[in-house]
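Here are the chains, one letter per residue:
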Amino acid sequence: GQKITENFEEAYRAKERAGVFKDMEIAEVYWSGEFKNKTDDQLANVNFINANIETQVADLMDQNIDIQPRPFDPSDAPYVPRVRMIAEKILEVNQMPLKMQKITRRFKKFGHGWIRVLFNPDLLEGLGCPEIKSISSANIYPDPAIIESEDINKGRFFIEAFPATIHWAEQTFGMEKA
């Protein structure tokens, strides 16, 4: 418990020093068009950012997600149809078109995005399936010693914070820990 709290505080301070929270706030203001200082110049009050991002998201979503597995060697060829079927089921279960919209919008708004992929053994009536989620950058606290995103697995910690109710914590961790 104490080490997790210390790691979280270290990552939070690093994000704060880097101006991440302020930058995200500014990006959100520009995207939403909720400017504090409105002018009489109507053109200055037009939200081009939102329209631009939403157009790019719509253009990307207009394309189909296609699965084309290829065998590593000829002996894998008989398994290609089954692999395609499994991959298509994973996309269906995860509602990938909707998730891709969310992921793309966050990437366009903030210049980065996070995707979490974990195996969920409860999906598909207990057969299990990879679960794909778009995670808000506001809720991600990686080790500040890691600078490059491809090195994220080399960090000492990676914390995903998320809002939860006391009821959820009691159900998940028990009354004493909640």
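Since this is a predicted model, take the numbers as computed values, not measurements.

Outline the packing of aromatic side chains, supporting the account with residue identities and numerical values.
By the definition in use, this model includes seven aromatic pairs. Geometrically, the ring pair formed by Phe8 and Tyr12 is tilted, given 6.2 Å between the ring centres and 35° between the ring planes. Remark: Tyr12 and Phe8 occur in helix H1 (residues 2-17); sequence separation between them is four residues, near one turn of the helix. Given a relative accessible area of 31%, Tyr12 falls into the partly exposed group. With a centroid separation of 5.3 Å and 80° between ring planes, the pair formed by Phe162 and Trp168 is classed as edge-to-face. Looking at Phe162, the relative accessible area reads 47%, which means it is partly exposed. With relative accessibility at 36%, the residue Trp168 sits in the partly exposed group.

Explain H1 residue by residue, including any values.
In a regular helix each residue adds 1.5 Å, so 16 residues correspond to 22 Å; H1 covers 23 Å between its end C-alpha atoms and thus fits that length. Among all positions of H1, only Asn7, Ala11, Ala14 and Lys15 are buried. The arc that holds the buried residues of H1, viewed along the axis, is 100°, so those residues lie on one side. In H1, the exposed positions angled more than 90 degrees off the buried face are occupied by Gln2 and Arg17. Contacts from the buried residues of H1 go to helix H2 (20-32), strand E3 (140-142) and strand E4 (158-160).

Kindly report on unusual backbone geometry, identifying the contributing residues and their values.
Even without being glycine, Gln95 reaches a positive phi, approximately 50°. Checked against the element boundaries, Gln95 lands in the loop between helix H4 (80-93) and helix H5 (96-110). Of note in the backbone geometry, Glu125 takes a positive phi value of approximately 55° without being a glycine. Its location among the elements puts Glu125 in the loop between strand E1 (114-120) and strand E2 (129-135).

Tell me about the side chain of Asn120, residues and numbers included.
Position of Asn120 relative to the elements: it lies in strand E1. For Asn120, the contacting residues outside a window of four places in its chain are Gly128, Cys129 and Glu131.

Requested: an account of the pattern of salt bridges, with residues and values cited.
Inspection of the entire model under this criterion finds eight salt bridges. The partner of Arg156 in a salt bridge is Glu10, with the nearest N and O atoms 2.9 Å apart. Residue Arg156 is located in the loop between E3 and E4, and its partner Glu10 is located in helix H1; the two are separated by 146 residues in the primary sequence. For Arg156, a relative accessible area of 52% puts it in the exposed group. Notably, a salt bridge pairs Lys89 with Glu92, separated by 3.3 Å at the nearest N-O pair. Note that Lys89 and Glu92 are positioned in helix H4 at a spacing of three residues, about one turn of the helix. Salt bridges sharing partners connect three or more residues here, namely Glu10, Asp143 and Arg156.

A description of the confidence of the model for the protein chain should follow, citing residues and the corresponding values.
Detail in the predicted coordinates should be disregarded across regions flagged by low pLDDT. Mean pLDDT over the protein chain works out to 87, with 93% of the residues at or above the 70 mark. Per-element mean pLDDT across the protein chain ranges from 84 in helix H3 (residues 48-61) up to 94 in H4.

Rules and cut-offs
Residues numbered from 1 in each chain as written. Predicted model: local features only at pLDDT ≥ 70, side-chain atom pairs only at ≥ 80, totals over all residues. Heavy atoms only, no water. Phe/Tyr/Trp six-rings, centres within 6.5 Å; stacked < 30°, edge-to-face > 60°. Helix = DSSP H or I, 4+ residues; strand = E, 2+ residues; numbered from the N terminus. Buried < 20%, exposed > 50% of the residue type's maximum accessible area, 1.4 Å probe, protein only. Expected span 1.5 Å × (residues − 1). Arc of directions from axis to C-beta. Contact = heavy atoms within 4.5 Å. Salt bridge = Lys/Arg side-chain N within 4 Å of Asp/Glu carboxyl O. pLDDT = per-residue confidence, 0-100.

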